[in-house]
Amino acid sequence: MNIAVFGANGQLGRCFRDVSRESTLCYTFYNRDQFDISDPFSFTELNPPDIDVLINCAAYTAVDQAEEDRSTADRINVTGAKMLADFGVLHNIPLIHFSTDYVYGKASEPISEDQEIDPVNYYGQSKWNGEEEIRKSGVSHLIIRTSWLYSEYGHNFVKTMLRLAIQHDKIKVVHDQTGSPTYAQDLARAVDQILRSADDDLELPWGIYNFANHGAITWHRFAVEILKDKAVLVKPIPTSDYPTLAVRPAYSVLDPSKFEHAFGIDIPQWQESLERCMEKI
Ligand SMILES: NC(=O)C1=CN([C@@H]2O[C@H](COP(=O)(O)OP(=O)(O)OC[C@H]3O[C@@H](n4cnc5c(N)ncnc54)[C@H](OP(=O)(O)O)[C@@H]3O)[C@@H](O)[C@H]2O)C=CC1
Ligand SMILES: Cc1cn([C@H]2C[C@H](O)[C@@H](COP(=O)(O)OP(=O)(O)O[C@H]3O[C@@H](C)C(=O)[C@@H](O)[C@H]3O)O2)c(=O)[nH]c1=O
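Residues numbered from 1 in each chain as written. Chains lettered and ligands numbered in written order. Predicted model: local features only at pLDDT ≥ 70, side-chain atom pairs only at ≥ 80, totals over all residues. Heavy atoms only, no water.

Going by what an unreviewed UniProt entry lists, the protein chain is known as dTDP-4-dehydrorhamnose reductase and is assigned to Membranihabitans marinus. The record in UniProt for the protein chain states the following under Catalytic activity (unreviewed entry): "dTDP-beta-L-rhamnose + NADP(+) = dTDP-4-dehydro-beta-L-rhamnose + NADPH + H(+)". In UniProt, the protein chain has this text filed under Pathway (unreviewed entry): "Carbohydrate biosynthesis; dTDP-L-rhamnose biosynthesis." (UniProt positions renumbered as here; feature names shortened; annotations may be inferred.)

(A) Here's a closer look at the site of ligand 2. Close to ligand 2 lie 20 residues; Thr100, Asp101, Lys172, Gln177 and Arg248 are nearest. Asp101 places a polar side-chain atom, nitrogen or oxygen, 2.6 Å from an oxygen atom of ligand 2. Looking at the shell around ligand 2, the elements that each hand over two or more residues are helix 5 (157-167) and strand 7 (170-174). Here the shell around ligand 2 takes 4 residues from helix 5, the largest share from any one element. Each residue belonging to the shell around ligand 2 can be placed in one class, and the counts come to 12 nonpolar, 5 polar and 3 charged. (Near = heavy atom within 4 Å. Polar contact = N/O pair within 3.5 Å; in protein donor to acceptor, adjacent residues only side chain to side chain. Helix = DSSP H or I, 4+ residues; strand = E, 2+ residues; numbered from the N terminus. Nonpolar A, V, L, I, M, F, W, Y, C, P; charged D, E, K, R; others polar.)

(B) Quick peek at the state of the cysteines. Tallying each qualifying case throughout the model produces 0 disulfides. Free cysteine Cys57: the closest other cysteine sulfur is in Cys15, separated by 8.9 Å. Cys277 takes part in no disulfide bond, and the closest cysteine sulfur, belonging to Cys15, lies 8.3 Å away. (Disulfide = S-S within 2.5 Å.)

(C) Spatial organisation of the site of ligand 1. With respect to spatial proximity, 24 residues lie near ligand 1, and among them Arg32, Asp36, Thr61, Tyr123 and Lys127 are the closest. Leu149 places a main-chain nitrogen or oxygen 3.1 Å from an oxygen atom of ligand 1. Its free accessible area being 900 Å², ligand 1 has 82% of it covered by the protein chains. At the level of elements, helix 1 (11-20), strand 4 (95-100) and helix 4 (122-137) are the ones that each hand at least two residues to the shell around ligand 1. Sorting elements by how many residues they give to the shell around ligand 1 places strand 4 first, with 3 residues. Its residues assigned to classes, the shell around ligand 1 comprises 11 nonpolar, 10 polar and 3 charged. (Areas by Shrake-Rupley, 256 points an atom, 1.4 Å probe, with all protein chains shown as cover.)

Take a look at the structure:
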């Protein structure tokens, strides 16, 4: 099975590169310089008969910047997603795409896929609009909504905390936002597992799924766990003391049970996954 991965130099893309080294599947990776998902000319470089599955790791993920640069967020998260979906429809190639917990509205208990959509920020809105384009296109798709992704690669909260701990003896982190930290390697491995166990016709239970490591934690407690071996004070603060351009949800814990049941994959607890990641950083 031949798989084309776009946005291959982002953190999730790089986790797919790691997973591909131990996989029986044949992956081809395209970084942004090699393939811009929002540029129609990029698509002329692809040879459809050589591709069985499209995996889209490309996205505009700068949550605060998206508030002020909506057109770029739209170009990548909406138009880019649409162009990949249209390419998939034209050549009958399924698309695996990633979305975010930030598409959901207010919640107070673990969020399932049928929870109301009501993004609290523009990044979330653009990701939702991208999802809609994929659904409308008619392409066979998995849209996997994940949250609080981190890994040894790229920009993420775990690496930011480790960097701040070198620069400061006190870090302030919000204690009133709760979510599900998710190790990007677990997500890439799970997708590879799904594709390895698919039949030749690639008959999969297409649709929308949540994927997050099990467990719920605040950003503050997560920072404390990341920095437990460091000589740094992690002070809990309310969100009002950490003003940002974009609003973040107060409660954003994803329920991944639909994914686990559909694909027979057990997703680890966040503590176990964080430990594996920290060993690699
Ligand atoms: N990070 C997180 O916490 C979460 C992420 N997600 C979703 O998971 C997916 C993967 O995210 P993650 O790996 O963390 O994101 P990253 O920001 O680490 O990676 C995104 C990649 O997309 C590339 N890219 C941007 N625009 C284009 C374009 N027009 N064409 C091709 N490539 C492009 C970027 O290139 P460059 O490096 O040059 O900018 C970057 O390498 C995304 O869909 C994201 O929305 C969901 C929930 C949480
Ligand atoms: C760096 C820092 C952040 N914070 C707060 C701000 C914010 O509320 C929270 C997390 O900050 P970040 O900027 O890392 O988080 P953010 O960019 O909002 O992370 C999100 O990224 C997108 C792409 C997603 O899809 C989401 O699932 C989520 O992972 O921690 C502090 O309180 N203190 C700090 O020193």
